[in-house]
Structure formats: C-alpha cells, structure tokens
Amino acid sequence: MKKYLLFIFAIIITGCSNDNVSEQKSLESKLVVEGWIEEGDYAQVLLSSSIPVTDVIDSTNVLNHAIRAAKITISDGVNSEVLRVKTDKNRVPPFVYYGSTLKGEAGKEYSLKIEFLNRIVEATTIIPKTVRLQSAEYIKKLDTDTTGYVFVKFDDPLNEKNYYQIATKIDGEEPIFVPSFYGNLDDKNFEASSISVQINRGVLLFPKTKFTPYFADGDLIYVKLRTQNKDALDFWNSWQNEIVNSRNPIYPANTSLKSNIKGGIGIWAGYGQSTLIVKTPPKK
C-alpha cells in the first residue's frame with residue numbers, strides 16, 4: 001500500500017529525509033510513504049522524504065535521509081495503535097514502522113496518520129476480500145535449462161470487481177515481496193474466471209545481485225497473490241511506468257506517481273493475501 005516496495009516496494013519502496021536536518025529544509029521536500037496492512041497481519045510503514053532530482057540516488061544517500069522519529073498511528077475506527085520503529089538490516093533504509101496489536105481484517109477500513117515536525121499526513125484504505133491462489137508452478141522451456149518462470153492459477157470471483165497484484169520473494173536473496181513485472185491486474189481484462197498468469201520477476205531497488213527477469217534452479221520462491229484497491233493499482237502501475245521509462249520512480253519531489261496520501265506522496269494500501277511456496281530443482 002511497498003510494499004512490498006517495495007515496494008514493492010518495497011516493499012520494497014523507500015524515500016529520503018534526514019532527522020538531523022533543519023526543519024526548514026524538511027519542509028521543502030515531500031513526505032514519502034509506503035504503508036500497507038494485509039489481512040491477518042500487522043501494519044508496516046516506510047517513511048522518508050523526497051530527494052531533489054539533482055541528488056545522487058544510492059543506498060548511502062537513502063540511509064542518510066531515512067525518517068525514524070515520526071509518530072504513526074493507525075486505526076480501524078474503534079481501536080488504534082502507534083507503530084514502533086524497528087531496525088531491519090535486510091532493508092534499505094533499515095528502518096520500518098511496525099504494528100503489533102491491530103491485525104488486518106477483510107472489509108475493514110484503516111486510517112493512517114503520520115505526525116512529523118509540524119506536518120500531518122493522512123490516508124485511508126480498505127482491505128479487500130482475499131482470493132486464494134490455486135497453484136504456483138516453476139516451468140522451464142527445456143529440461144536442460146537452468147532458469148524458468150512461475151505460472152500461477154486462481155479463480156476470479158464472478159460478479160465482483162477485483163484488482164490484483166502478484167509479488168514474489170526468493171528466500172535468502174530478497175528480504176521483501178517484490179511486485180512482479182506487469183503483475184498488477186484489473187479483472188476487466190480477463191476473458192474467463194479461471195486465470196493462468198506467467199510471473200516475471202520484479203525490480204528490487206539496490207539488489208545484492210544482478211537483476212534477471214526470470215527465476216533459477218535452486219530458488220525457493222514465495223508467491224503472493226494480493227487483492228488490492230483501485231488506488232493501489234494506479235500507484236503500482238505508475239511505479240512500473242517509471243521503471244520502464246528508466247526514471248527514478250519515487251524520490252523526486254515532482255514525481256508523477258499516483259498517490260492516495262493526503263499531505264504527501266506514496267501509498268497506504270490494504271491487501272487481501274494468499275501465499276504459496278514454489279520449490280525449484282536443485283542447482284546442477
């Protein structure tokens with residue numbers, strides 16, 4: 001909603017700001033948010049501020065600008081909790097705000113409130129109902145190949161409007177689920193309710209190894225099917241478009257990313273989720 005970003009993002013997505021810089025300098029940038037809450041799990045939020053286009057974007061700069069002194073509150077309208085920031089050395093930057101008491105439930109609306117210096121950033125999201133993965137399979141074109149792709153199958157519920165995201169995580173290589181390339185799906189484009197999709201590996205920011213769009217023998221792959229809302233679909237599609245066009249997708253203050261964040265940029269997303277594990281043949 002990273003986040004897989006993120007972002008996915010990741011989730012996998014991070015931004016940039018420094019708690020030690022002056023308040024005036026912070027006010028010149030935008031707060032960058034990647035936050036999500038999945039059904040059956042607690043909220044996570046990555047918080048930073050945008051880096052000027054002219055600055056160098058690397059892991060050191062990101063680390064120097066991470067925000068770790070904000071107050072972040074989430075609420076389901078009845079109960080609320082203030083997230084705690086923890087260090088996670090597997091992420092860049094290694095600071096993540098975690099929930100521990102308010103667990104995501106399908107159909108509920110969750111609000112996000114971030115207080116940092118004299119700024120307030122807010123957003124709301126609803127967790128869609130989970131759609132279960134039927135299968136996930138590693139397939140190679142030739143038996144002699146050492147690489148291949150993952151194909152997933154699921155049933156898109158009839159008479160329901162659904163948006164999906166497929167994400168993967170390779171055990172021991174990727175610390176988070178990474179949104180698959182072209183893995184954001186709108187069911188208006190489905191010709192049938194039984195769906196079979198090829199997964200291409202997504203782009204992880206600052207990867208430890210050279211990026212390839214396929215999977216390999218010896219990989220233990222976690223495959224996640226997320227149901228998401230339209231605002232999350234729009235955000236991740238705009239993120240992907242920036243990647244395709246070889247632009248920096250998250251850091252510039254003038255980014256063209258879609259956003260549901262009031263007072264900042266980024267995404268606060270609720271996800272339904274279903275996860276399967278795919279074992280590939282051992283390396284030869």
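Above: the structure in question.
Residues numbered from 1 in each chain as written. Predicted model: local features only at pLDDT ≥ 70, side-chain atom pairs only at ≥ 80, totals over all residues. Heavy atoms only, no water.

Novice: How would you sum up the overall build of the chain? Please name residues and give values.
Specialist: Within the chain one finds three helices and 17 strands. Looking at the chain as a whole, 52% of its 284 residues qualify as buried. For the chain, the exposed area adds up to about 13,300 Å²; of that, 48% sits on carbon and sulfur atoms. (Helix = DSSP H or I, 4+ residues; strand = E, 2+ residues; numbered from the N terminus. Buried < 20%, exposed > 50% of the residue type's maximum accessible area, 1.4 Å probe, protein only. Areas by Shrake-Rupley, 256 points an atom, 1.4 Å probe, with all protein chains shown as cover.)

Novice: Describe the sheet that holds strand E12 (residues 163-170), with residues and values.
Specialist: Within the open sheet, the eight strands sit side by side as E6-E7-E3-E2-E17-E16-E12-E13. Their pairing is mixed. A single partner strand is all that each edge strand has here, and the edge strands are strand E6 (84-87) and strand E13 (178-186). On average, adjacent strands in this sheet sit at an angle of 30° to one another, irrespective of strand direction. Sheet analysis places E6 next to strand E7 (residues 95-103), joined by four bridges and oriented antiparallel. Paired with Arg84 across the strands is Tyr98, a residue of E7. (Pairing = 2+ DSSP bridges. Axes fitted to C-alpha atoms, helices over the stretch in contact; angles between N-to-C directions.)

Novice: Break down the pattern of salt bridges for me, with residues and values.
Specialist: Two side chains bearing opposite charge may form a pair once their charged atoms approach each other closely. Counted according to the given criterion, the structure contains eleven salt bridges. Asp187 is the partner of Lys161 in a salt bridge, and the nearest nitrogen-oxygen pair spans 2.8 Å. Placement of Lys161 in the loop between strand E11 (147-155) and E12 and of Asp187 in the loop between E13 and strand E14 (194-199) is noted, with a sequence separation of 26 residues between them. Arg201 is the salt-bridge partner of Glu174, the closest N and O atoms lying 2.9 Å from each other. (Salt bridge = Lys/Arg side-chain N within 4 Å of Asp/Glu carboxyl O.)

Novice: Quick rundown of the side chain of Gln165? Include the residues and the values.
Specialist: Of note, Gln165 is situated in strand E12. What makes Gln165 buried here is its relative accessible area of 0%. One polar contact links Gln165 to Arg226, side chain to side chain, over a distance of 2.7 Å. With sequence-adjacent residues up to four places away left out, Gln165 is seen in contact with Pro179, Gly183, Asn184, Lys224, Leu225, Arg226, Gln228 and Trp236. (Polar contact = N/O pair within 3.5 Å; in protein donor to acceptor, adjacent residues only side chain to side chain. Contact = heavy atoms within 4.5 Å.)

Novice: An account of the pairing of E11 is requested, with residue identities and associated values reported.
Specialist: Sheet analysis places strand E10 (residues 133-139) next to E11, joined by six bridges and oriented antiparallel. Paired with Ser135 across the strands is Lys153, a residue of E11. Relative to strand E15 (residues 215-216), E11 is paired through two bridges, and the arrangement is antiparallel. The partner of Gly148 across the bridge, within E15, is Phe215. Sheet topology places E11 next to E14; six bridges connect them, and they run antiparallel.

Novice: How would you summarise the side chain of Thr227 if you had to cite specific residues and measurements?
Specialist: Positionally, Thr227 belongs in strand E16 (residues 220-228). Among the residues examined, Thr227 registers a relative accessible area of 1% and is labelled buried. Polar contacts involving the side chain of Thr227 include one to the main-chain carbonyl oxygen of Lys129, which spans 3.0 Å. Ignoring sequence-local partners within four residues, the contact set of Thr227 consists of Pro128, Lys129, Thr130, Val131, Asn162, Tyr163, Tyr164, Gly270, Tyr271 and Gly272.

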